[in-house]
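Observations on chain architecture
Here's the letter readout for the chains.
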Amino acid sequence: MDTSHFRELGEHELAALTDDELITYIRGARADRRRPAATLALQILVFGYWDTLVARAGFKLAVSAAEDVAATALESAVKSAFDGESIGEFRSWMHTILARKIAEYYRSREGKPKLVPLISENAGDEEVWGEEPSVDAPDGTLVDLRRAVEQAYSELGPNHQAVVDLYVFAEYSAGEAAHETGESENNVHQIGSRFRKRLKAILEAAT
Amino acid sequence: MNRVEELLASYAAAYEAGRAPDTRELLEAAGPERAQLEAALERYLRDAPRRAWDAAAFAGSPAARVAGGIDKSLGSSAGLWPSLLPRLRARAELRRADLVGHLAASLGAEEQTEKVGAYYHGMEQGLLPSEGVSDRVLEALGSIVGESARRLREAGASAFDAPGLAAGPAAAFARAVPASGEATDASVAEVIADEVAERPWDEVDRLFRGGPG
(Lines give C-alpha, C1' and ligand atoms only; values in the text may rest on other atoms or scores of the structure.)
Protein backbone atom coordinates (compact mmCIF):
# COMPACT_ATOMS: atom_id res chain seq x y z
CA MET A 1 0.00 0.00 0.00
CA ASP A 2 1.44 3.36 -0.96
CA THR A 3 1.38 5.59 2.12
CA SER A 4 2.14 8.71 0.10
CA HIS A 5 -1.30 8.49 -1.56
CA PHE A 6 -3.42 7.56 1.40
CA ARG A 7 -6.99 6.60 0.65
CA GLU A 8 -9.41 6.24 3.53
CA LEU A 9 -11.26 2.90 3.59
CA GLY A 10 -14.63 1.97 5.03
CA GLU A 11 -15.14 -0.47 7.87
CA HIS A 12 -15.81 -3.45 5.61
CA GLU A 13 -12.81 -2.77 3.43
CA LEU A 14 -10.58 -2.42 6.47
CA ALA A 15 -11.88 -5.64 7.99
CA ALA A 16 -10.84 -7.47 4.84
CA LEU A 17 -7.22 -6.29 5.01
CA THR A 18 -4.46 -8.55 6.29
CA ASP A 19 -2.69 -7.62 9.53
CA ASP A 20 0.30 -6.19 7.70
CA GLU A 21 -1.95 -4.21 5.39
CA LEU A 22 -3.79 -2.81 8.41
CA ILE A 23 -0.51 -1.71 9.98
CA THR A 24 0.60 -0.07 6.75
CA TYR A 25 -2.80 1.62 6.56
CA ILE A 26 -2.44 2.97 10.11
CA ARG A 27 0.98 4.35 9.25
CA GLY A 28 -0.41 5.98 6.13
CA ALA A 29 -3.37 7.46 7.99
CA ARG A 30 -1.12 8.91 10.66
CA ALA A 31 1.32 10.31 8.13
CA ASP A 32 -1.65 11.95 6.42
CA ARG A 33 -2.98 13.17 9.79
CA ARG A 34 -6.18 11.15 9.42
CA ARG A 35 -6.45 10.21 13.06
CA PRO A 36 -9.98 8.70 13.04
CA ALA A 37 -9.02 6.46 10.12
CA ALA A 38 -5.94 5.24 11.98
CA THR A 39 -7.95 4.69 15.14
CA LEU A 40 -10.55 2.51 13.43
CA ALA A 41 -7.91 0.33 11.81
CA LEU A 42 -6.15 -0.08 15.13
CA GLN A 43 -9.42 -1.03 16.81
CA ILE A 44 -10.00 -3.73 14.20
CA LEU A 45 -6.53 -5.13 14.79
CA VAL A 46 -6.81 -5.13 18.59
CA PHE A 47 -10.33 -6.55 18.63
CA GLY A 48 -9.26 -9.31 16.28
CA TYR A 49 -6.71 -10.73 18.67
CA TRP A 50 -7.78 -9.68 22.14
CA ASP A 51 -9.82 -12.77 23.08
CA THR A 52 -7.19 -15.09 21.65
CA LEU A 53 -4.39 -13.52 23.64
CA VAL A 54 -6.36 -13.39 26.88
CA ALA A 55 -7.37 -17.02 26.48
CA ARG A 56 -3.80 -18.14 25.84
CA ALA A 57 -2.46 -16.11 28.76
CA GLY A 58 -5.28 -17.52 30.88
CA PHE A 59 -3.74 -20.98 30.68
CA LYS A 60 -0.80 -19.72 32.72
CA LEU A 61 -2.17 -16.79 34.71
CA ALA A 62 -5.15 -15.59 36.73
CA VAL A 63 -7.78 -13.71 34.72
CA SER A 64 -6.76 -10.19 35.77
CA ALA A 65 -3.09 -10.91 35.14
CA ALA A 66 -3.95 -12.55 31.82
CA GLU A 67 -5.65 -9.36 30.61
CA ASP A 68 -2.74 -7.27 31.81
CA VAL A 69 -0.20 -9.44 30.03
CA ALA A 70 -2.32 -9.66 26.87
CA ALA A 71 -2.55 -5.86 26.77
CA THR A 72 1.20 -5.53 27.21
CA ALA A 73 1.83 -8.06 24.45
CA LEU A 74 -0.47 -6.20 22.06
CA GLU A 75 1.21 -2.88 22.84
CA SER A 76 4.64 -4.36 22.21
CA ALA A 77 3.57 -6.15 19.05
CA VAL A 78 2.01 -3.03 17.56
CA LYS A 79 4.97 -0.92 18.63
CA SER A 80 7.51 -3.27 17.09
CA ALA A 81 5.42 -3.46 13.92
CA PHE A 82 5.54 0.32 13.73
CA ASP A 83 9.24 0.42 14.49
CA GLY A 84 9.95 -2.20 11.86
CA GLU A 85 11.36 -4.52 14.53
CA SER A 86 8.84 -7.35 14.22
CA ILE A 87 9.95 -10.63 12.75
CA GLY A 88 7.77 -12.54 10.31
CA GLU A 89 4.04 -12.24 10.18
CA PHE A 90 2.35 -10.06 12.79
CA ARG A 91 0.23 -12.81 14.34
CA SER A 92 3.02 -15.24 15.10
CA TRP A 93 5.27 -12.41 16.26
CA MET A 94 2.55 -11.25 18.64
CA HIS A 95 2.13 -14.75 20.05
CA THR A 96 5.88 -15.00 20.57
CA ILE A 97 5.78 -11.71 22.46
CA LEU A 98 2.87 -12.99 24.54
CA ALA A 99 4.91 -16.00 25.62
CA ARG A 100 7.78 -13.71 26.62
CA LYS A 101 5.45 -11.41 28.51
CA ILE A 102 4.01 -14.32 30.47
CA ALA A 103 7.52 -15.37 31.40
CA GLU A 104 8.46 -11.80 32.32
CA TYR A 105 5.40 -11.62 34.51
CA TYR A 106 6.62 -14.61 36.48
CA ARG A 107 10.20 -13.44 36.59
CA SER A 108 9.35 -9.90 37.68
CA ARG A 109 7.21 -11.00 40.56
CA GLU A 110 8.63 -12.62 43.58
CA GLY A 111 7.94 -16.23 44.36
CA LYS A 112 6.54 -17.64 41.20
CA PRO A 113 6.11 -21.36 40.74
CA LYS A 114 9.34 -23.27 40.95
CA LEU A 115 11.40 -20.14 40.71
CA VAL A 116 13.24 -20.49 43.97
CA PRO A 117 15.62 -23.34 44.70
CA LEU A 118 15.42 -25.03 48.03
CA ILE A 119 19.01 -25.55 49.02
CA SER A 120 18.20 -28.41 51.33
CA GLU A 121 16.67 -30.38 48.48
CA ASN A 122 19.12 -29.72 45.72
CA ALA A 123 20.44 -33.22 45.38
CA GLY A 124 20.10 -33.16 41.60
CA ASP A 125 19.59 -30.63 38.89
CA GLU A 126 15.89 -31.10 38.52
CA GLU A 127 15.25 -31.24 42.25
CA VAL A 128 16.54 -27.81 43.13
CA TRP A 129 13.23 -26.23 42.26
CA GLY A 130 10.59 -25.92 44.89
CA GLU A 131 7.90 -23.66 46.19
CA GLU A 132 9.05 -20.31 47.49
CA PRO A 133 9.06 -19.80 51.23
CA SER A 134 6.16 -17.63 52.28
CA VAL A 135 8.42 -15.09 54.00
CA ASP A 136 11.99 -13.99 53.54
CA ALA A 137 14.44 -16.17 55.36
CA PRO A 138 15.94 -14.24 58.29
CA ASP A 139 19.47 -14.60 56.94
CA GLY A 140 18.54 -12.99 53.63
CA THR A 141 18.78 -16.26 51.71
CA LEU A 142 15.86 -15.37 49.52
CA VAL A 143 17.49 -12.13 48.48
CA ASP A 144 20.66 -14.06 47.60
CA LEU A 145 18.62 -16.48 45.53
CA ARG A 146 17.09 -13.69 43.55
CA ARG A 147 20.48 -12.15 42.93
CA ALA A 148 21.77 -15.53 41.81
CA VAL A 149 18.87 -15.91 39.40
CA GLU A 150 19.55 -12.45 38.01
CA GLN A 151 23.25 -13.22 37.59
CA ALA A 152 22.74 -16.58 35.91
CA TYR A 153 20.07 -15.10 33.67
CA SER A 154 22.17 -12.09 32.68
CA GLU A 155 24.96 -14.38 31.51
CA LEU A 156 22.75 -15.77 28.74
CA GLY A 157 22.25 -14.47 25.23
CA PRO A 158 18.81 -13.21 24.18
CA ASN A 159 17.57 -16.47 22.68
CA HIS A 160 18.74 -18.57 25.61
CA GLN A 161 17.07 -16.05 27.93
CA ALA A 162 13.89 -16.59 25.94
CA VAL A 163 14.20 -20.34 26.45
CA VAL A 164 14.77 -19.90 30.19
CA ASP A 165 11.85 -17.47 30.37
CA LEU A 166 9.50 -19.97 28.85
CA TYR A 167 10.81 -23.35 29.92
CA VAL A 168 12.05 -22.55 33.42
CA PHE A 169 10.02 -19.58 34.62
CA ALA A 170 6.72 -19.88 32.77
CA GLU A 171 6.74 -23.67 32.84
CA TYR A 172 6.12 -24.16 29.18
CA SER A 173 6.78 -27.68 27.98
CA ALA A 174 10.03 -28.19 26.10
CA GLY A 175 8.00 -28.57 22.91
CA GLU A 176 6.15 -25.30 23.44
CA ALA A 177 9.34 -23.43 24.34
CA ALA A 178 11.04 -24.90 21.27
CA HIS A 179 8.18 -23.76 19.07
CA GLU A 180 8.27 -20.22 20.44
CA THR A 181 12.03 -19.77 20.27
CA GLY A 182 13.02 -21.77 17.22
CA GLU A 183 15.36 -24.00 19.28
CA SER A 184 15.11 -27.78 19.13
CA GLU A 185 13.46 -29.56 22.06
CA ASN A 186 16.78 -31.12 22.90
CA ASN A 187 18.42 -27.69 23.05
CA VAL A 188 15.63 -26.41 25.27
CA HIS A 189 16.32 -29.24 27.72
CA GLN A 190 20.05 -28.53 27.62
CA ILE A 191 19.68 -24.77 28.04
CA GLY A 192 17.32 -25.28 30.98
CA SER A 193 19.63 -27.80 32.57
CA ARG A 194 22.71 -25.62 32.12
CA PHE A 195 20.86 -22.65 33.62
CA ARG A 196 19.94 -24.66 36.68
CA LYS A 197 23.49 -25.97 37.06
CA ARG A 198 24.89 -22.46 36.78
CA LEU A 199 22.43 -21.20 39.33
CA LYS A 200 23.36 -24.00 41.68
CA ALA A 201 27.05 -23.15 41.28
CA ILE A 202 26.44 -19.48 42.03
CA LEU A 203 24.46 -20.39 45.12
CA GLU A 204 27.10 -22.82 46.37
CA ALA A 205 29.83 -20.26 45.87
CA ALA A 206 27.85 -17.77 47.91
CA THR A 207 27.20 -20.07 50.88
CA MET B 1 -13.87 -38.36 17.89
CA ASN B 2 -12.27 -38.67 21.33
CA ARG B 3 -13.08 -36.50 24.33
CA VAL B 4 -10.29 -33.96 23.70
CA GLU B 5 -11.28 -33.60 20.06
CA GLU B 6 -14.91 -33.13 21.06
CA LEU B 7 -14.10 -30.39 23.56
CA LEU B 8 -11.74 -28.68 21.13
CA ALA B 9 -14.40 -28.76 18.43
CA SER B 10 -16.97 -27.24 20.77
CA TYR B 11 -14.51 -24.50 21.72
CA ALA B 12 -13.64 -23.78 18.09
CA ALA B 13 -17.31 -23.60 17.10
CA ALA B 14 -18.06 -21.12 19.88
CA TYR B 15 -14.93 -19.08 19.14
CA GLU B 16 -15.68 -18.89 15.44
CA ALA B 17 -19.22 -17.76 16.25
CA GLY B 18 -17.70 -14.72 17.96
CA ARG B 19 -17.88 -15.89 21.56
CA ALA B 20 -15.04 -16.20 24.05
CA PRO B 21 -15.66 -19.50 25.83
CA ASP B 22 -14.24 -20.01 29.31
CA THR B 23 -11.22 -22.26 28.82
CA ARG B 24 -11.03 -23.02 32.53
CA GLU B 25 -14.44 -24.67 32.50
CA LEU B 26 -13.45 -26.62 29.45
CA LEU B 27 -10.22 -27.80 31.01
CA GLU B 28 -12.10 -28.91 34.12
CA ALA B 29 -14.43 -30.90 31.90
CA ALA B 30 -11.45 -32.66 30.32
CA GLY B 31 -10.57 -34.34 33.63
CA PRO B 32 -7.48 -36.52 33.26
CA GLU B 33 -7.02 -35.36 29.68
CA ARG B 34 -6.63 -31.76 30.78
CA ALA B 35 -2.99 -31.38 29.71
CA GLN B 36 -3.77 -32.83 26.30
CA LEU B 37 -6.69 -30.44 25.82
CA GLU B 38 -4.65 -27.46 26.99
CA ALA B 39 -1.96 -28.23 24.42
CA ALA B 40 -4.60 -28.59 21.69
CA LEU B 41 -6.26 -25.31 22.68
CA GLU B 42 -2.89 -23.55 22.72
CA ARG B 43 -2.20 -24.72 19.19
CA TYR B 44 -5.67 -23.70 18.06
CA LEU B 45 -5.42 -20.21 19.56
CA ARG B 46 -1.90 -19.63 18.28
CA ASP B 47 -3.05 -20.33 14.74
CA ALA B 48 -6.51 -18.77 15.00
CA PRO B 49 -7.11 -16.07 12.40
CA ARG B 50 -7.98 -12.54 13.38
CA ARG B 51 -11.50 -12.35 14.67
CA ALA B 52 -14.01 -10.67 12.35
CA TRP B 53 -14.69 -7.05 13.23
CA ASP B 54 -17.82 -6.48 15.30
CA ALA B 55 -18.25 -2.84 16.25
CA ALA B 56 -21.04 -3.59 18.70
CA ALA B 57 -19.05 -6.25 20.55
CA PHE B 58 -16.01 -3.98 20.60
CA ALA B 59 -17.79 -1.01 22.17
CA GLY B 60 -17.16 -0.90 25.89
CA SER B 61 -15.09 -4.08 25.86
CA PRO B 62 -11.66 -4.49 27.49
CA ALA B 63 -10.27 -4.56 23.95
CA ALA B 64 -11.67 -1.05 23.44
CA ARG B 65 -9.76 0.22 26.47
CA VAL B 66 -6.57 -1.40 25.25
CA ALA B 67 -7.01 -0.02 21.74
CA GLY B 68 -7.71 3.42 23.19
CA GLY B 69 -4.49 3.31 25.19
CA ILE B 70 -2.40 2.21 22.22
CA ASP B 71 -4.07 4.83 20.07
CA LYS B 72 -3.08 7.57 22.50
CA SER B 73 0.41 6.13 22.76
CA LEU B 74 0.79 6.31 18.99
CA GLY B 75 0.80 10.06 19.03
CA SER B 76 2.25 10.64 22.44
CA SER B 77 5.51 11.98 23.74
CA ALA B 78 5.10 9.71 26.75
CA GLY B 79 5.62 6.34 25.10
CA LEU B 80 3.31 3.69 26.47
CA TRP B 81 2.14 5.63 29.53
CA PRO B 82 -1.33 6.35 28.08
CA SER B 83 -1.80 2.63 27.78
CA LEU B 84 0.03 1.46 30.88
CA LEU B 85 -0.85 4.01 33.56
CA PRO B 86 -4.65 3.69 33.44
CA ARG B 87 -4.24 -0.09 33.51
CA LEU B 88 -1.98 0.04 36.55
CA ARG B 89 -4.40 2.38 38.28
CA ALA B 90 -7.28 0.03 37.55
CA ARG B 91 -5.25 -2.90 38.85
CA ALA B 92 -4.57 -0.97 42.05
CA GLU B 93 -8.32 -0.23 42.23
CA LEU B 94 -7.72 3.48 42.63
CA ARG B 95 -9.77 6.35 41.30
CA ARG B 96 -7.59 8.96 39.68
CA ALA B 97 -8.40 11.50 42.38
CA ASP B 98 -7.28 9.05 45.06
CA LEU B 99 -4.09 8.20 43.21
CA VAL B 100 -3.31 11.90 42.75
CA GLY B 101 -3.88 12.49 46.47
CA HIS B 102 -1.44 9.72 47.37
CA LEU B 103 1.06 10.96 44.81
CA ALA B 104 0.92 14.54 46.03
CA ALA B 105 1.38 13.34 49.61
CA SER B 106 4.35 11.16 48.63
CA LEU B 107 5.97 14.13 46.93
CA GLY B 108 5.30 16.41 49.88
CA ALA B 109 3.05 18.55 47.71
CA GLU B 110 -0.30 18.13 49.44
CA GLU B 111 -1.03 21.82 49.01
CA GLN B 112 -0.58 21.52 45.26
CA THR B 113 -2.65 18.42 44.73
CA GLU B 114 -4.52 20.01 41.82
CA LYS B 115 -1.30 20.82 40.05
CA VAL B 116 0.02 17.31 40.64
CA GLY B 117 -3.31 16.08 39.24
CA ALA B 118 -2.88 18.17 36.13
CA TYR B 119 0.55 16.74 35.53
CA TYR B 120 -0.60 13.20 36.21
CA HIS B 121 -3.43 13.76 33.75
CA GLY B 122 -0.79 14.79 31.22
CA MET B 123 1.08 11.54 31.89
CA GLU B 124 -2.00 9.35 31.44
CA GLN B 125 -3.04 11.19 28.31
CA GLY B 126 0.43 11.11 26.77
CA LEU B 127 0.64 14.89 26.78
CA LEU B 128 3.56 15.27 29.15
CA PRO B 129 6.99 14.36 27.75
CA SER B 130 8.25 11.39 29.71
CA GLU B 131 11.88 12.51 29.76
CA GLY B 132 10.95 15.49 31.91
CA VAL B 133 9.41 13.42 34.69
CA SER B 134 11.76 12.85 37.60
CA ASP B 135 12.77 9.53 39.10
CA ARG B 136 11.24 10.70 42.36
CA VAL B 137 7.82 10.97 40.75
CA LEU B 138 8.17 7.56 39.14
CA GLU B 139 9.31 5.95 42.36
CA ALA B 140 6.37 7.46 44.24
CA LEU B 141 3.94 6.50 41.51
CA GLY B 142 5.39 3.01 41.24
CA SER B 143 4.97 2.37 44.94
CA ILE B 144 1.32 3.45 44.72
CA VAL B 145 0.38 1.27 41.75
CA GLY B 146 2.73 -1.64 42.48
CA GLU B 147 5.16 -1.27 39.62
CA SER B 148 8.87 -0.57 39.50
CA ALA B 149 10.09 2.91 38.63
CA ARG B 150 12.38 1.26 36.10
CA ARG B 151 9.47 -0.28 34.20
CA LEU B 152 7.59 3.02 34.28
CA ARG B 153 10.64 4.79 32.88
CA GLU B 154 11.07 2.18 30.14
CA ALA B 155 7.40 2.38 29.18
CA GLY B 156 7.57 6.16 28.99
CA ALA B 157 10.63 5.96 26.79
CA SER B 158 9.04 3.42 24.43
CA ALA B 159 8.10 5.99 21.86
CA PHE B 160 6.10 4.86 18.85
CA ASP B 161 6.94 6.21 15.47
CA ALA B 162 4.71 9.29 15.59
CA PRO B 163 4.80 11.13 12.30
CA GLY B 164 1.83 13.29 13.26
CA LEU B 165 3.73 15.17 15.93
CA ALA B 166 5.70 18.00 14.47
CA ALA B 167 5.92 20.43 17.37
CA GLY B 168 7.91 20.03 20.57
CA PRO B 169 6.36 17.88 23.27
CA ALA B 170 6.04 20.67 25.82
CA ALA B 171 4.10 22.75 23.35
CA ALA B 172 1.96 19.73 22.58
CA PHE B 173 1.19 19.37 26.29
CA ALA B 174 0.13 22.97 26.58
CA ARG B 175 -1.88 23.01 23.38
CA ALA B 176 -3.59 19.68 23.77
CA VAL B 177 -5.31 20.55 27.01
CA PRO B 178 -8.22 22.90 26.35
CA ALA B 179 -8.22 26.11 28.36
CA SER B 180 -11.93 26.59 27.79
CA GLY B 181 -13.07 24.81 30.91
CA GLU B 182 -13.42 21.44 29.18
CA ALA B 183 -10.19 20.21 30.72
CA THR B 184 -10.47 17.08 32.79
CA ASP B 185 -8.68 18.84 35.64
CA ALA B 186 -9.58 22.43 36.25
CA SER B 187 -6.06 23.01 37.43
CA VAL B 188 -4.65 22.18 34.01
CA ALA B 189 -5.64 25.70 33.06
CA GLU B 190 -3.46 26.98 35.87
CA VAL B 191 -0.47 25.04 34.56
CA ILE B 192 -1.05 26.45 31.10
CA ALA B 193 -1.41 29.94 32.52
CA ASP B 194 1.98 29.52 34.17
CA GLU B 195 3.37 28.38 30.84
CA VAL B 196 1.95 31.33 28.96
CA ALA B 197 3.07 33.83 31.59
CA GLU B 198 6.51 32.21 31.66
CA ARG B 199 6.42 32.11 35.42
CA PRO B 200 9.39 30.48 37.09
CA TRP B 201 9.01 26.81 37.86
CA ASP B 202 8.22 25.69 41.36
CA GLU B 203 9.20 22.34 42.88
CA VAL B 204 6.23 20.50 41.36
CA ASP B 205 7.09 21.81 37.89
CA ARG B 206 10.65 20.63 38.38
CA LEU B 207 9.50 17.21 39.52
CA PHE B 208 7.34 16.67 36.45
CA ARG B 209 9.30 18.55 33.82
CA GLY B 210 12.83 19.01 35.03
CA GLY B 211 14.22 15.62 34.05
CA PRO B 212 15.10 12.38 35.82
CA GLY B 213 17.56 13.69 38.41
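For the structure, check the block above.
Residues numbered from 1 in each chain as written. Chains lettered and ligands numbered in written order. Predicted model: local features only at pLDDT ≥ 70, side-chain atom pairs only at ≥ 80, totals over all residues. Heavy atoms only, no water.

Looking now at the overall build of chain A. When helices and strands are tallied, chain A shows 9 helices and 2 strands. Mapped in sequence order, the helices and strands of chain A form the string α-α-α-α-α-β-β-α-α-α-α. Within chain A, buried positions represent 51% of all 207 residues. Once local pairs closer than 6 in sequence are excluded, the contacts in chain A between residues at least 24 apart make up 55%. For chain A, the exposed area adds up to about 9,400 Å²; of that, 49% sits on carbon and sulfur atoms. (Helix = DSSP H or I, 4+ residues; strand = E, 2+ residues; numbered from the N terminus. Buried < 20%, exposed > 50% of the residue type's maximum accessible area, 1.4 Å probe, protein only. Contact = heavy atoms within 4.5 Å. Areas by Shrake-Rupley, 256 points an atom, 1.4 Å probe, with all protein chains shown as cover.)

Attention now moves to the interface of chain A and chain B. Accessible area lost when the parts come together is the quantity often used to give the size of an interface. Listed as interface residues are 50 residues of chain A and, on the opposing side, 45 residues of chain B. Carbon and sulfur atoms supply 57% of the area buried between chain A and chain B, which totals about 4,200 Å² over both sides. Sorting the residues of chain A by area buried against chain B places Phe47, Phe59 and Glu75 of chain A first, and these three jointly supply 19% of that buried surface. Our enumeration of links across chain A and chain B arrives at 7 salt bridges. Residue Arg91 of chain B is joined to Asp68 of chain A by a salt bridge in which the shortest nitrogen-to-oxygen separation is 2.8 Å. At the junction of chain A and chain B, the tally comes to 19 residue pairs in polar contact (both at pLDDT 80 or more). For the side of chain A that touches chain B, the secondary structure elements donating two or more residues are helix H1 (11-15), helix H2 (19-31), helix H3 (35-58), helix H4 (63-83), helix H5 (90-108) and helix H8 (174-181) of chain A. Classifying every residue of the side of chain A that touches chain B by side-chain character gives 23 nonpolar, 9 polar and 18 charged. (Buried area = accessible area lost by both parts, 1.4 Å probe. Salt bridge = Lys/Arg side-chain N within 4 Å of Asp/Glu carboxyl O. Polar contact = N/O pair within 3.5 Å; in protein donor to acceptor, adjacent residues only side chain to side chain. Nonpolar A, V, L, I, M, F, W, Y, C, P; charged D, E, K, R; others polar.)

Nothing here speaks to function; it is geometry throughout.
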